[in-house]
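Survey of secondary and tertiary structure
Each chain, letter by letter, is given below.
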Amino acid sequence: MRSLFPVTDETAAGGSAQARQWSLDELAERYAYPPGGTPWLRANMVSTLDGAAQHDGRSQPISCDTDMRIFGTLRALADVVLVGAETVRLEGYRPARAREAFAARRQAAGQGPAPAIAIVSGSLDLDFSLPLFTEPLVPTLIVTGAEAPAHRMKAAEQAGARIVVAGDSARVDPAMAVRGLADLGFTRLLTEGGPRLLGQLVAAGVLDELCLTVSPMLAAGDAQRIAGGPYLPVPERLELASLLEEDGFLFCRYRRT
């Protein structure tokens, strides 16, 4: 196992060890998407030791500074961030921001200044006056089904959102959602949940990678796990691609075998 933080360096003068953070460039290299342009969907989630993905409905209380640093790196590498409507409401989602540290890397990859946010919602029960719709650097997308309420689809478009139809009913088909976003050029996909959406993506067999932060905390209670939704008759096995540690937090990266 290689420690992420602190990494010790020897000072030139006295030879004593001092801690340093990995640079954002180093993190970007470690978490780079596979080359080739094939759609790749990764998830980024956090869980306590007893399996809670949230505390009081939010993930922030079980996170840490390093987790948020990796969170920002994963966003900065993505074309689009796929998120469920309930998570948008609970977590107070805002548009992704442009980050100077990643500007040259994104330009070289042919990406815009920031990833788009794509909200998965069958009902389109969303507040179109929120910054996600009034202040995005790139238009927010809404992934929905063909039979979603027509008046809500019209309201979303009037608010500047781009509709992606992925499913013949009001429900979103996860595989169609990934294909639809990829057809628009969004091949580096990142999902931040919530648990119900992640469970649907897992059940549909479209998740390629899981970046999981294991928090050294116990939460008890009845909080959700990182993935809910449909039951898998046979558990899916992933392979460990990397494992980093800082202050008791484990930063795991698993890939489909």
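What comes next is a walk through the structure. (Residues numbered from 1 in each chain as written. Predicted model: local features only at pLDDT ≥ 70, side-chain atom pairs only at ≥ 80, totals over all residues. Heavy atoms only, no water.)

**Some points on the pairing of strand β10 (residues 209-215)**
With seven of seven residues buried, β10 lies mostly within the body of the structure. Here β10 shows two buried faces, one formed by E209, C211, T213 and S215 and the other by L210, L212 and V214. Bridge count for strand β4 (residues 40-48) against β10 is seven bridges, and the pairing is parallel. Bridge assignment links R42 to a residue of β10, and that residue is E209. Of the strand pairs in this sheet, β10 and strand β12 (residues 249-256) are connected by six bridges, and their pairing is antiparallel. By the bridge assignment for β12, E209 is matched with R255. (Buried < 20%, exposed > 50% of the residue type's maximum accessible area, 1.4 Å probe, protein only. Helix = DSSP H or I, 4+ residues; strand = E, 2+ residues; numbered from the N terminus. Pairing = 2+ DSSP bridges.)

**A look at the nonpolar core**
Core analysis: the biggest nonpolar cluster contains 39 residues, and Y31, I119, F133 and I142 have the highest contact counts within it. Breaking this core down by element, the ones donating at least two residues are α1 (24-30), α2 (65-77), β5 (80-84), α3 (85-91), β6 (116-120), α5 (131-134), α6 (150-158) and β12. Considering each element in turn, this core owes the most residues, four residues, to α2. Ignoring anything within four residues of it in the chain, the contact list for I119 reads V83, G84, A85, V88, L126, L132, F133, T140, L141, I142 and V143. (Core = buried A, V, L, I, M, F, W, Y, C linked by side-chain atoms within 4.5 Å. Contact = heavy atoms within 4.5 Å.)

**Examining the packing of aromatic side chains**
Applying the stated criterion across every chain, the model contains one aromatic pair. Their ring planes at 80° and their centres at 5.0 Å tell us that F128 and F133 sit as a pair that is edge-to-face. Here the basic side chain of R42 rests over the ring of Y33, its NZ or CZ set 4.1 Å away from the ring centre. (Phe/Tyr/Trp six-rings, centres within 6.5 Å; stacked < 30°, edge-to-face > 60°. Lys NZ or Arg CZ within 6 Å of the ring centre and 35° of its normal.)

**Focus on the pattern of salt bridges**
Applying the stated criterion across every chain yields a total of eleven salt bridges. With its nearest N and O atoms 3.1 Å apart, the salt bridge here joins E209 to R42. Remark: R42 occurs in strand β4 and E209 occurs in strand β10; sequence separation between them is 167 residues. Relative accessible area serves as the criterion here: at 1%, E209 is assigned to the buried category. The residue R256 makes a salt bridge to D208 at a minimum N-O spacing of 4.0 Å. Here D208 lies in the loop between α8 (195-203) and β10 and R256 lies in strand β12, a separation of 48 residues in the sequence. Overall, R256 belongs to the partly exposed group, its relative accessible area being 29%. The network of salt bridges with shared partners includes R42, E209, R253 and R255. (Salt bridge = Lys/Arg side-chain N within 4 Å of Asp/Glu carboxyl O.)

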